[in-house]
Amino acid sequence: MSNAVKLITLDDVCKYFKVSGGTLKAVDHVSLDIYKGETLGLVGESGCGKSTLGRVAMGIHPATSGKLTYNGEELNLRKAETRFKYAKKAQIIFQDPYASLDPRMTVASIIAEGMEIHGMYDAKKRQERVYELLELVGLNREHANRFPHEFSGGQRQRIGIARALAIEPEFIVCDEPISALDVSIQSQIINLLHDLQEKLGLTFLFIAHDLNIVKYISDRIAVMYLGNVVELADSTELYKNTLHPYSKALLSAGPIPDPNAEAQKNRQILSGDVPSPINTPKGCNFAGRCPVACDKCRESKPALQEIVPGHFVACHLVEPQM
Ligand code: SF4
């Protein structure tokens, strides 16, 4: 991505929460660029901090420390005016299409709400935009005056996508947008997001817990474990040359459509529990579960370093090859 233009940069970002018993380090010193027009997949198990990182990137959660830069400008999200302006650029599609739509509002009011908040268009033009957006996501204008409970899960997710698009954002965080849907519907939503990205030039941060889900939609993939990015690479490179022991385990855990390949696959079952993000270990966060951990791993944290051009790994046992 050397010629690509950076849209968002997270620079040494931390997001901590005070909880009883200490400080929960949801995101711990993460640095990441997201390029214009790309889909960056963000993968990891539940509780690894990926949703929090997505919310930091779109400004819902101001970072505890570190910098968030958008289009070359550092954002001070403690200022309400900056938050309001950035909210027009960055939107989110939520995981649960059942819980994320207000059941008392019609589809038209759900989609038009953001346009009203941002003072976009008069009422007549907003209504036209609602019809356009419904058609853009594969629904139709007859759906505008209905309520969310009248729709299937896949249709509700389409409404959620239309809502996110209404204020013409440049960047969308897709927070596990297909996890709550039937498998038969998942590929339809993935294809829709892909088409919309091409048509509208959108930039996506696509969050998922399964590496196999992000494979087809992502240009690059970042793997997260306990608040840290542990591997980041071009999508093809990551699958061809998986280097971090956690990414390898995550990849081997997913299903393979070909039954023969499934039988031959060398499954790596992770032992041990994910350590608490409140009391993270002294050394590598993955040391307690890593099949190749050594003494050094328990003593010092590995830094994320470039191993081959564009491929970054945080592991003491993976040496740069450049
Ligand atoms: Fe495993 Fe050590 Fe690498 Fe961590 S640093 S992933 S414990 S080998």
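Described in the following lines is the structure provided in the data block. Keep in mind the model is a prediction, meaning the values are calculated, not measured. (Residues numbered from 1 in each chain as written. Predicted model: local features only at pLDDT ≥ 70, side-chain atom pairs only at ≥ 80, totals over all residues. Heavy atoms only, no water.)

## Considering the packing of helix α3 (residues 107-117) against helix α4 (residues 123-136)
How two helices sit against one another is set out by the angle between their axes and by the gap between those axes. Formally: Only C-alpha atoms enter the line fits that serve as axes; for helices the fit covers just the stretch in contact. Angles between N-to-C directions range over 0 to 180 degrees. Put simply, DSSP marks the helices as runs of H or I at least four residues long and the strands as runs of E at least two long, and each gets a number from the N terminus on. Whether a crossing is left-handed or right-handed is set by the direction in which the near helix is turned from the far one by less than a right angle, anticlockwise for left-handed and clockwise for right-handed. The contact criterion used throughout is that any non-hydrogen atoms of two residues lie within 4.5 Å. Residues are grouped as follows: Ala, Val, Leu, Ile, Met, Phe, Trp, Tyr, Cys and Pro are nonpolar; Asp, Glu, Lys and Arg are charged; every other residue, Gly included, is polar.
It is the contact of α3 with α4, at a shortest axis distance of 10 Å, that shows an interaxial angle of 120 degrees. Note on packing geometry: the crossing formed by α3 with α4 is right-handed. Here Val107, Ala108, Ile111, Ala112, Met115 and Glu116 of α3 lie close against α4, whose contacting residues are Arg126, Arg129, Val130, Leu133 and Leu134. Its residues assigned to classes, the contact of α3 with α4 shows 8 nonpolar, no polar and 3 charged.

## Some thoughts on the sheet that holds strand β5 (residues 73-74)
Spelled out, the test is: Strand pairing requires that DSSP identify at least two bridges connecting the strands.
Taken in spatial order, the 4 strands of this open sheet run β2-β1-β4-β5, and their pairing is antiparallel. With partners counted over all chains shown, the strands left at the sheet margins are β2 (22-35) and β5, one partner each. Here 2 bridges tie strand β4 (residues 65-70) to β5, and the two strands are oriented antiparallel to one another. Within β5, the position partnered with Thr69 by the bridge is Glu74. Along the sheet face, helix α1 (residues 50-57) touches β1 (6-19), β2 and β4 and points at about 120 degrees away from the line of β1.

## Let's talk about the pattern of salt bridges
Worth spelling out the cut-off: What makes a salt bridge here is a side-chain nitrogen of Lys or Arg within 4 Å of a carboxyl oxygen of Asp or Glu, nothing more. Each residue gets one of three labels from its accessible area relative to the maximum for its type: buried under 20%, exposed over 50%, partly exposed in between, using a 1.4 Å probe on protein chains only.
Scanning all chains against the criterion turns up 12 salt bridges. Residue Asp33 is joined to Lys6 by a salt bridge in which the shortest nitrogen-to-oxygen separation is 3.7 Å. Remark: Lys6 occurs in strand β1 and Asp33 occurs in strand β2; sequence separation between them is 27 residues. With relative accessibility at 43%, the residue Lys6 sits in the partly exposed group. Between Glu128 and Lys124 there is a salt bridge, with the nearest N and O atoms lying 3.6 Å from each other. With Glu128 and Lys124 both in helix α4 and 4 residues apart, this pair spans about one turn of that helix. Here Glu128 falls in the partly exposed class, since its relative accessible area comes to 36%. Classification of Lys124 by relative accessible area gives exposed; the value is 60%. Taken together, the shared-partner salt bridges in this structure form one network comprising Arg129, Glu132 and Glu168.

## Observations concerning the site of the ligand
Rules: What makes a residue near a molecule or strand is one non-hydrogen atom of that residue sitting within 4 Å of it.
In the vicinity of the ligand there are 13 residues, among which Cys284, Cys290, Cys297, Cys315 and His316 approach most closely. Across the shell around the ligand, the residue classes tally to 11 nonpolar, 2 polar and no charged.

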